[in-house]
Amino acid sequence: MNEQFNGSELVVKALTELDVDYIFGYPGGSVLDLYDALFAQDDIEHILVRHEQAATHMADGYARSTGKTGVVLATSGPGATNCVTGIATAYMDSIPMVVLSGQVPSNLIGDDAFQETDIVGCSRPIVKHSFNCRDAQQIPTVLAKAFYLASSGRPGPVVVELPKDILNPQLKYTYEMPARIDMRTYSPSSKGHSRQIKKAVDAILGAKRLVVYSGGGIILSNTSEQLTELVETLNAPITNTLMGLGGISGTHPNFVGMLGMHGSLEANKAMANADVILALGARFDDRVTNNVKKFCPDATIVHVDVDPTSISKTIQAHIPVVGSLETVLSQLQSAIEKSALRIDRAAQESWWQQITAWREQRCLAYDVQSNVIKPQTVIEKLYKVTQGNAYVSSDVGQHQMFAAQYYPFKNPRQWINSGGLGTMGFGLPAAMGVKVAYPDADVVCVTGDGSIQMNIQELSTCLQYGLNVKIVSLNNRSLGMVRQWQDMMYGGRHSSSYMESLPDFVALAESYGHVGIRVDHPDELDDALDRAFSITDRLVFLDIRVDENEHVYPMQIKLGAIDDMWLKKGVKA
Amino acid sequence: MRRILSILLENEPGALSRIVGLFSQRAYNIDSLTVGTTDDTTLSRITITTQGDDRVVEQITKQVNKLVDVLKIIDLTDSSHIERELLLAKVFAGNEQTRASVTRVTDVFGGTILDMGKRSYTVQLASSSDKIASFLDMLRHESDIIEVVRSGTVGIGRGDKALKG
């Protein structure tokens, strides 16, 4: 007779077999049986958060930094609906995540029972797929499918709804995990079409002004080394999207900086003047393209993506290649090496001269003043004190762009940020997820006084689990990016963009059992950062009073071409 | 232009709502939608008529294909195909003259009179959406339409080619 398990035990056993080490969650009535099963084992550690939204961001940060699938457990109703923002965040950035949501017992579903919501319905537009698991015997199969879907092809979040009755400890079943997952309706592409590969190689080698434009896909597919090899073979300039930072080292000589709304002048100029653009795992987001009608008029666009819907969605690709980046990059590399065509080195040299001239405009230079802390300086010093080795998560706003611009990321998965959805409140819990995965690494959350308050309750979780992240808050007493837009586009009318009644963040951090450090003056900055990073056994909250009038530059001019940019207040490129 | 899309998908709860949700969230309009199981009871087939140029339809088909429940989607419009829609219409037929003319029009279009009331006829026509529109115009000309129900289009490719699981 085979060993028998109840539904909750089946969940735990399946998760263990699926290599889950951590679950981020919060208990409630409909999942108490499952929590009881978690109590009885040691393979999986459950991290008790203070709000389910934070659980999803922690699982997300864990997934972004490790490449593994992040796992969330929430109860039915409000527990599940609190996950929605985190699910949407993961969906927009294609992050592998499985959200296990409790549900009221099957016989009460549809009765507006206590703590009932249709979470599968609520989350439908923001998941890769979802399952209503209605049969305990099916739990291992459903979970195996959920993990497979979450992590394969273009990754994404998957919701699994578990009604309370199937988790019932009284009913026992055998454990049957399928040997392999076979879904007739799902087969992500891997190999690029050989004819398209040939066309792509002909275009790339025939280019006189080639630019490689790479996105989050490089990070998700672990193809950073292949990308770097290709860029070096071609000696091409490369730009990363916000999501793609670290795809090639930020200090690589061929790297021309991030592109897009707050990208570098040289990256956007190179794109605008390119004759061939090789887009790899990037989706021509509107924060990159600016006005699509004026986008890179002379460029032949080669677009490689695992998701065919990304290709020719906003910008028509001339040479579309659908396939996994791992396979397509090796196809490209070997086809380039075998091709009879040769790069036009003379043309390439003059292209690099042009790019160097754009670089020499030093678009990231800013005015340093002695009496006020510049946010850019904070990031530059952060880079120095961490020697470029920290995992950096950010929230959303000016501080996010400063971190992206002034911290050259060496490695993929080092930069953890909510690109697609732009979720304030993401930074701290995401950093916590990274810290769970890498307890010995420096993990920094770059945030602001607005963003940090959106999930500040997680300071409590940090204390409970010893998650000693460094919080670097660029406190400008306002919602900086909103304020910047109001300065630039609304005649300086600061409608609801300033923060009244800010808490004493130092006292707040200390009340949660952490270390708080306030920095008011530029002279104190070095010492404060040194001190913060010398403390390794406590969470440190750096409340840094920065210049509230600073804007993020460069910045694309609304509705212009990709390289129509403001370089400073009132100065166009 | 008008398009007819045929979709084969898993016959599972929620599968239809994923399709419909995708159309609404991406602001694609659905003119008509029909759905039913196929000879393989694990699969459903949906026919959707919608409007869009090549670019829009390419995006729709890619997005629908991306849904995990979807096995196949084809655009029937460009290839040779048969389309049918079912119309049931109740029309005023309270005197000899309208009874005769409704009967005549129904005969000409190849429709059937399914039911009679004291003052009405209920007629059926299975045909292309165009022809159904002409039929309704003629009925309106001869009589007063009391109630109309249309099934939405179903479509299938001509010849031996088949959309199968």
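Heads up: these notes are all about the structure in this document. (Residues numbered from 1 in each chain as written. Chains lettered and ligands numbered in written order. Predicted model: local features only at pLDDT ≥ 70, side-chain atom pairs only at ≥ 80, totals over all residues. Heavy atoms only, no water.)

**Notes on the nonpolar core**
All names here are of chain A. Note the following rule: Think of a nonpolar core as a cluster: buried Ala, Val, Leu, Ile, Met, Phe, Trp, Tyr and Cys residues, connected wherever their side-chain atoms sit within 4.5 Å. Per-residue accessibility, obtained with a 1.4 Å probe over protein chains only, is compared with the maximum for each type, and a residue is labelled buried under 20%, exposed over 50%, and partly exposed between these values. Residue contacts are defined here by distance: any two heavy atoms, one from each residue, within 4.5 Å place the two residues in contact.
Of all hydrophobic cores here, the largest spans 68 residues; its most connected members are Leu234, Leu278, Leu280, Leu542 and Ile544. Discounting chain neighbours no more than four positions away, the residues touching Leu280 are Val212, Tyr213, Ser214, Gly215, Ile218, Leu227, Val304, Leu325 and Leu329. If you look at the next biggest cluster of nonpolar residues, it comprises 44 residues, including Phe24, Ala90, Ile126 and Val436.

**Looking at the pattern of salt bridges**
Residues and elements named next belong to chain A. Put simply, the rule reads: Any Lys or Arg side-chain nitrogen found within 4 Å of a carboxyl oxygen on Asp or Glu counts as a salt bridge. Only DSSP runs of H or I with at least four residues qualify as helices, and only runs of E with at least two residues qualify as strands; both kinds are numbered from the N terminus onward.
Evaluated as defined, the whole model comprises 29 salt bridges over all chains. Notably, a salt bridge pairs Lys68 with Asp19, separated by 3.8 Å at the nearest N-O pair. Of the two residues, Lys68 is situated in the loop between helix H3 (52-66) and strand S4 (70-74) and Asp19 in the loop between helix H1 (7-17) and strand S2 (22-25); the sequence distance between them amounts to 49 residues. Among the ionic pairs, Lys381 bridges to Asp526, the shortest N-O distance being 2.9 Å. With Lys381 in helix H15 (residues 375-385) and Asp526 in helix H21 (residues 522-534), the pair connects residues that are 145 residues apart, well separated along the chain.

**Digging into the layout of surface pockets**
Definition in use: Residues are called lining when one of their atoms sits within 4 Å of a cavity or pocket point, these points coming from a 1 Å grid over the protein atoms alone, where a cavity is a set in which a 1.4 Å probe fits but cannot get out and a pocket is an open set with protein on both sides within 12 Å along at least five of seven lines. Grid points are joined across faces, edges and corners, and a volume is the space filled by probe spheres set on the points.
Taken as a whole, the second largest pocket holds about 1,200 Å³ of empty space. Breaking the lining of the second largest pocket down by element, the ones donating at least two residues are helix H5 (84-92) of chain A together with helix H1 (15-25), helix H2 (54-66) and strand S4 (70-75) of chain B. The biggest single contributor to the lining of the second largest pocket is H2(B), with 6 residues.

**Side note on helix H19 (residues 480-489) of chain A**
Residue and element names in this part refer to chain A. Buried within H19 we find Gly480, Met481, Arg483, Gln484 and Gln486. On the buried face of H19, the contacting elements are helix H16 (398-406) and strand S21 (555-556). Following H19 by one or two positions, Gly491 has its phi on the positive side, about 60°.

**Overview of the sheet that holds S4(B)**
All names here are of chain B. Stated precisely, the cut-off is as follows: DSSP calls a pair of strands paired once it identifies at least 2 bridges connecting them. Orientation is described by lines fitted to C-alpha atoms, with helices fitted over the stretch in contact, and by angles between N-to-C directions that extend from 0 to 180 degrees.
Strand order in the open sheet formed by 4 strands is S2-S3-S1-S4, and the pairing between neighbours is antiparallel. The sheet is open, and its two edges are formed by strand S2 (32-37) and S4, each paired on a single side. Across the sheet, the mean angle separating the axes of adjacent strands is 15° when strand polarity is ignored. By the bridge criterion, 6 bridges tie S2 to strand S3 (residues 43-51) in an arrangement that is antiparallel. Its bridge partner being in S3, Val35 is matched across the sheet by Ile46. Contacting strand S1 (2-10), S2, S3 and S4, H1 runs over the sheet at an angle of about 145° to S1.

**With respect to the interface of chain B and chain A**
As a reminder of what qualifies: Defined here as a combined quantity, buried area equals the accessible surface (1.4 Å probe) lost by two parts on assembly, summed across both. Distance and chemistry together define a polar contact, namely a pair of N or O atoms within 3.5 Å, with one atom able to donate a hydrogen and the other to accept it when in protein, and with adjacent residues in sequence counting only for side-chain atoms on both sides. Put simply, Ala, Val, Leu, Ile, Met, Phe, Trp, Tyr, Cys and Pro go in the nonpolar bin, Asp, Glu, Lys and Arg in the charged bin, and everything else, Gly too, in the polar bin.
Taken residue by residue, the interface counts 18 residues in chain B and 21 residues in chain A. Taken as a group, B:Arg18, B:Arg55 and B:Val68 account for 38% of the area that chain B buries against chain A, more than any other trio of residues on that side. Inspection of the chain B/chain A interface yields 3 salt bridges. Our enumeration of links across chain B and chain A arrives at 12 residue pairs in polar contact (both at pLDDT 80 or more). Elements with a contribution of two residues or more to the side of chain B that touches chain A: H1, H2 and S4 of chain B. Counting residues per element, the side of chain B that touches chain A draws most heavily on H2(B), which supplies 5 residues. Along the lines of polarity and charge, the residues of the side of chain B that touches chain A split into 4 nonpolar, 6 polar and 8 charged.

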